[in-house]
Amino acid sequence: MQPTNIQDPDYFHKVVDCQWACPAHTPVPEYIRLIAAGRYADAFMINWKSNVFPGILGRTCDRPCEPACRRGRVEEEPVAICRLKRVAADYKGDIRHRLPPPAASKNGKKIALVGAGPASLTVARDLAPLGYHCVIYDGDSRAGGMIRSQIPKFRLPEEIIDEEVGYITDLGPEMRMGKMVDSLKGLLAEDYDAIFVGSGAPRGRDLDIPGRQEASENIHIGIDWLSSVSFGHINKIGRRVIVLGGGNTAMDCCRSSRRLGGDDVKVIVRSGFEEMKASPWEKQDAIHEDIPILNFLVPKEFRHQDGRLFGMTFEKVHAEYDARGRRRLVPTGEPDQFFECDDVLIAVGQENAFPWIERDIGLEFNEWDMPVVDEVTFQSTNPRVFFGGDSAFGPKNIIWAVAHGHQAAISIHKMCQGDDIKDRPAPGVNITSTKMGIHEWSYDNDISLDLRFKVPHRDKLIALKDIKAEVELGFDDKLAFAEAQRCLNCDVQTVFSDKLCIECDACVDICPVDCISFVANGDEADLRTRLSAPATDLAQALYVSVELKTGRIMAKDEDVCLHCGLCAERCPTGAWDMERFLIDVAQAEHVCCSK
């Protein structure tokens, strides 16, 4: 193998698995250390720069960082990264003086943003301080998009939305709320230099099965129903409720139903429990609130009498897999199952709807009637139009919308300045030694043995009486400190200096996970089998040195390294050092333009 180029910004970036997995690349270990030090405002600002909505995401994020967490490789549960983000938001105090002020003057460029959800708000957050005149359109009366309309208040209080959306609206974008855009062609005819579409995936899928039309009065599309609940248009539901679907929207629907009068609420799903798209914690919360989840049942008919819904019939199925691993649901032959109900909420998926986008404006759509969008620049085939969030590639999570918004803002900024939008700015990288003495580091490298701490919850009987009472109460400062100590500081890298190494193998002896080897070089497949412990995870790199004096090389398996620093403490020559790696992913403000 060739020696590892640790100057490549992405090498150590990938080693910080949680940050690499985060679509917005939030520096997770950095802000967790700040929380452990009680520096909550600093931790909040690190989050605000990258993910824009720390308090919102600290309650609602899909947590792609946590399955990647290295702690999950040595015990069952990863660090509670998401809930620690909330701690920074809860304890930060007043940080308004640390936010960018509105631009002192405009730069003459005008940008339209369709939709006031997380993607559009991120674009406005990045461009408004640079002098762009951002105009945000939304059919609702208040900004936030699906953050405000579809996430129940018992998960995300209104005041948190107001605060964090307010940080962006305070930057001075022109807010045209209650103004639905009904023609992209009309918008293009106005004096906008660019248009960003962040209108989400506003249409919930329906079920076309017998009885749907006849019993329609008590059959509701999940996301529309949640929106009506959020804005106070609906405040009750029948006693017996069936929720169809296995995603997070279904979990929000069933839990909301419990608070609006449903005391017999069931979730019924086509797939198995493990295959459900809902996050594991969302399923756990529903079950905790006495909501059964029934699996492998396919809706067959809405049962009604004189237009009144009284139940549903389902076919029992099981999963069969072909040689390529593709699943097929096959009837078991058992009798159909019938469940009584007064209301049904359909939460079987969401899809994009673009009736307001004309098909003669140079904007191509694919076979799924989605706009053709560049996955790097987020530009459509009409060069003035950009997409982001659910509008770009279909329904995902808030953190993905934020990541799209950052990248689209870079593209819009470069285009408006006459630069090539495909030329993406490089990230900023800082790597510094943490050495404080021969065997001392500027961070705590004593690994906590604690298991993951549980987030306190409001008493169930009290929570179910009030749809606005937040269920999760969050970590207090003591629990936050204890949970933060579980972080393995994966951003503090083990950096090897071949010139200082005397090949004494002291680091090999002290390593608790056998991740360091001194062996003869070879091709990667062969080398991985000859290490102190075979390196079987091909997705994780080997850190390989140049040839040493004995003809051997040093090879370290990044997959199992705990970043404990014992190799650096033991090394008699200082060939190993613990160096803090911090990557600053570029945003629009970092772009150096030609004009």
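Residues numbered from 1 in each chain as written. Predicted model: local features only at pLDDT ≥ 70, side-chain atom pairs only at ≥ 80, totals over all residues. Heavy atoms only, no water.

**So, the overall build of the protein chain**
Check the secondary structure of the protein chain and you find 21 helices and 24 strands. The C-alpha atoms of the protein chain give 27 Å as radius of gyration, which agrees with the globular expectation for 595 residues (25 Å, within 12%). Projected onto the principal axes, the alpha-carbon positions of the protein chain cover approximately 90 × 65 × 50 Å. Evaluated residue by residue, the protein chain yields a buried proportion of 54% over its 595 residues. Sequence-distant contacts, at least 24 apart, represent 71% of the contacts inside the protein chain between residues at least 6 apart. (Helix = DSSP H or I, 4+ residues; strand = E, 2+ residues; numbered from the N terminus. Rg over C-alpha atoms; globule rule 2.2 N^0.38 Å. Buried < 20%, exposed > 50% of the residue type's maximum accessible area, 1.4 Å probe, protein only. Contact = heavy atoms within 4.5 Å.)

**A look at the sheet that holds strand β7 (residues 240–244)**
Strand order in the open sheet made by the five strands is β6-β14-β7-β8-β9, with parallel pairing throughout. In the strand order of this sheet, the two ends are held by β6 (219–221) and β9 (293–294), each with one partner. Pairing analysis gives four bridges linking β7 to strand β14 (residues 343–346), with the strands arranged parallel. In the sheet register, Leu244 faces β14, and the bridge partner there is Ile346. (Pairing = 2+ DSSP bridges.)

**Observations regarding the sheet that holds strand β24 (residues 576–584)**
Reading across the sheet, the three strands line up as β17-β24-β20 and stay open at both edges, with antiparallel pairing between neighbours. Strands at the two margins of the open sheet, each flanked by one partner only, are β17 (428–433) and β20 (492–496). On average, adjacent strands in this sheet sit at an angle of 40 degrees to one another, irrespective of strand direction. (Axes fitted to C-alpha atoms, helices over the stretch in contact; angles between N-to-C directions.)

**Remarks on the packing of aromatic side chains**
Applying the stated criterion across every chain, the model contains 14 aromatic pairs. Residues Phe12 and Tyr543 carry aromatic rings whose centres are separated by 6.4 Å and whose planes lie at 85 degrees to one another, so their mutual orientation is edge-to-face. Taken together, the residues Phe12 in helix α1 (residues 9–15) and Tyr543 in strand β22 (residues 542–544) connect sequence positions 531 residues apart. A centroid spacing of 6.5 Å and a plane angle of 80 degrees characterise the contact between Tyr137 and Tyr192, whose relative ring orientation is edge-to-face. Of this pair, Tyr137 sits in strand β2 (residues 133–138) while Tyr192 sits in the loop between α11 (184–188) and β4 (194–197), and the two are 55 residues apart along the sequence. (Phe/Tyr/Trp six-rings, centres within 6.5 Å; stacked < 30°, edge-to-face > 60°.)

**Some remarks on the side chain of Asp343**
Mapped onto the elements, Asp343 comes out in strand β14. Within the local environment of Asp343, its side chain forms a polar contact with the side chain of His220, the two groups lying 3.0 Å apart. (Polar contact = N/O pair within 3.5 Å; in protein donor to acceptor, adjacent residues only side chain to side chain.)

**Observations concerning unusual backbone geometry**
The phi angle at Asp369 is positive, at roughly 60 degrees, despite the residue not being glycine. By secondary structure assignment, the location of Asp369 is in the loop between β15 (350–351) and β16 (385–387). The phi angle at Phe378 is positive, at roughly 65 degrees, despite the residue not being glycine. Mapped onto the secondary structure, Phe378 falls in the loop between β15 and β16.

**Quick look at the side chain of Arg70**
Structurally, Arg70 is set in the loop between α6 (65–68) and α7 (81–91). A relative accessible area of 3% means that Arg70 is categorised as buried. One polar contact links the side chain of Arg70 to the main-chain carbonyl oxygen of Asp559, over a distance of 3.1 Å.

**Focus on empty space enclosed by the protein**
If a probe the size of a water molecule is rolled over the atoms, the empty space left behind becomes visible. On inspection of all chains with the given rule, the structure shows five cavities of 30 Å³ or more. Volume-wise, the largest cavity comes out at about 120 Å³. Residue lining of the largest cavity: 13 residues in total, with Arg59, Arg83, Arg155, Asp285 and Glu472 positioned closest to the centre. For the lining of the largest cavity, the secondary structure elements donating two or more residues are α7 and α14 (280–288). The element contributing the most residues to the lining of the largest cavity is α14, with three residues. The calculated volume of the second largest cavity comes to roughly 90 Å³. Forming the walls of the second largest cavity are 14 residues, and the residues nearest its centre are Cys18, Cys69, Cys487, Leu488 and Cys490. (1 Å grid on protein atoms, 1.4 Å probe; cavity = no way out; pocket = protein on both sides within 12 Å on 5 of 7 lines; lining within 4 Å. Points joined across faces, edges and corners; volume = space filled by probe spheres on them.)

**A few points about helix α16 (residues 398–416)**
The end-to-end C-alpha distance of α16 is 27 Å, a good match for the 27 Å that 19 residues give at a rise of 1.5 Å each. Where burial is concerned, most of α16 is hidden: 16 out of the 19 residues are buried. A positive backbone phi angle near 80 degrees is found at Gly418, which sits one or two residues after α16. (Expected span 1.5 Å × (residues − 1).)

**Considerations on the packing of helix α3 (residues 28–36) against helix α4 (residues 40–51)**
It is at 8 Å that the axes of α3 and α4 come closest, and there the two elements cross at 165 degrees. It follows from the interaxial angle that α3 and α4 lie roughly antiparallel. For the element pair α3 and α4, the recorded crossing hand is left-handed. The residues of α4 that touch α3, namely those facing Glu30, Tyr31, Leu34 and Ile35, are Tyr40, Asp42, Ala43, Ile46 and Asn47. Counted by class, the contact of α3 with α4 contains six nonpolar, one polar and two charged residues. (Parallel < 35°, antiparallel > 145°, perpendicular 65-115°, else oblique. Left-handed = near helix turned anticlockwise from the far one by under 90°. Nonpolar A, V, L, I, M, F, W, Y, C, P; charged D, E, K, R; others polar.)

**Considerations on the pattern of salt bridges**
Counted by the stated rule, this structure contains 55 salt bridges. When the shortest N-O distance is used, the salt bridge between Glu472 and Arg83 registers 2.7 Å. With Glu472 in the loop between α17 (460–463) and α18 (477–484) and Arg83 in helix α7, the pair connects residues that are 389 residues apart, well separated along the chain. Residue classification places Arg83 among the buried residues on the basis of a relative accessible area of 7%. A salt bridge links Arg328 to Glu320, with the shortest nitrogen-to-oxygen separation between them at 3.4 Å. The exposure class assigned to Arg328 is exposed, which follows from its relative accessible area of 52%. Shared partners join several salt bridges into a network, and the residues in it are Arg142, Arg148, Lys153, Glu158 and Asp162. (Salt bridge = Lys/Arg side-chain N within 4 Å of Asp/Glu carboxyl O.)

**With respect to the pairing of strand β11 (residues 308–321)**
Sheet topology places strand β10 (residues 297–305) next to β11; eight bridges connect them, and they run antiparallel. Each residue of the ladder has a partner; that of Val298, found in β11, is Glu315. Between β10 and β11, which pair antiparallel one after the other, the connecting turn spans two residues, and Asp306 there sits at a positive phi close to 55 degrees. Here β11 pairs with strand β13 (residues 337–340) via four bridges, running antiparallel. Bridging across to β13, Gly311 finds its partner in Glu340. Direction of pairing for β11 relative to strand β12 (residues 327–331): antiparallel, over a ladder of five bridges. Looking at the pairing, Val317 lines up with Pro331 of β12. Once β11 ends, the chain turns through five residues before running back antiparallel as β12, passing Gly325 with a positive phi of about 85 degrees.

**Side note on the packing of α7 against α18**
In contact at an axis separation of 10 Å, α7 and α18 are set at 145 degrees when each is read in the N-to-C sense. At the point where α7 passes α18, the crossing takes the left-handed sense. Between α7 and α18, the residues in contact are Leu84, Val87 and Tyr91 and Asp477, Ala480, Glu483 and Ala484, respectively. Split into classes, the residues belonging to the contact of α7 with α18 amount to five nonpolar, no polar and two charged.

In short, geometric facts, not functional conclusions.
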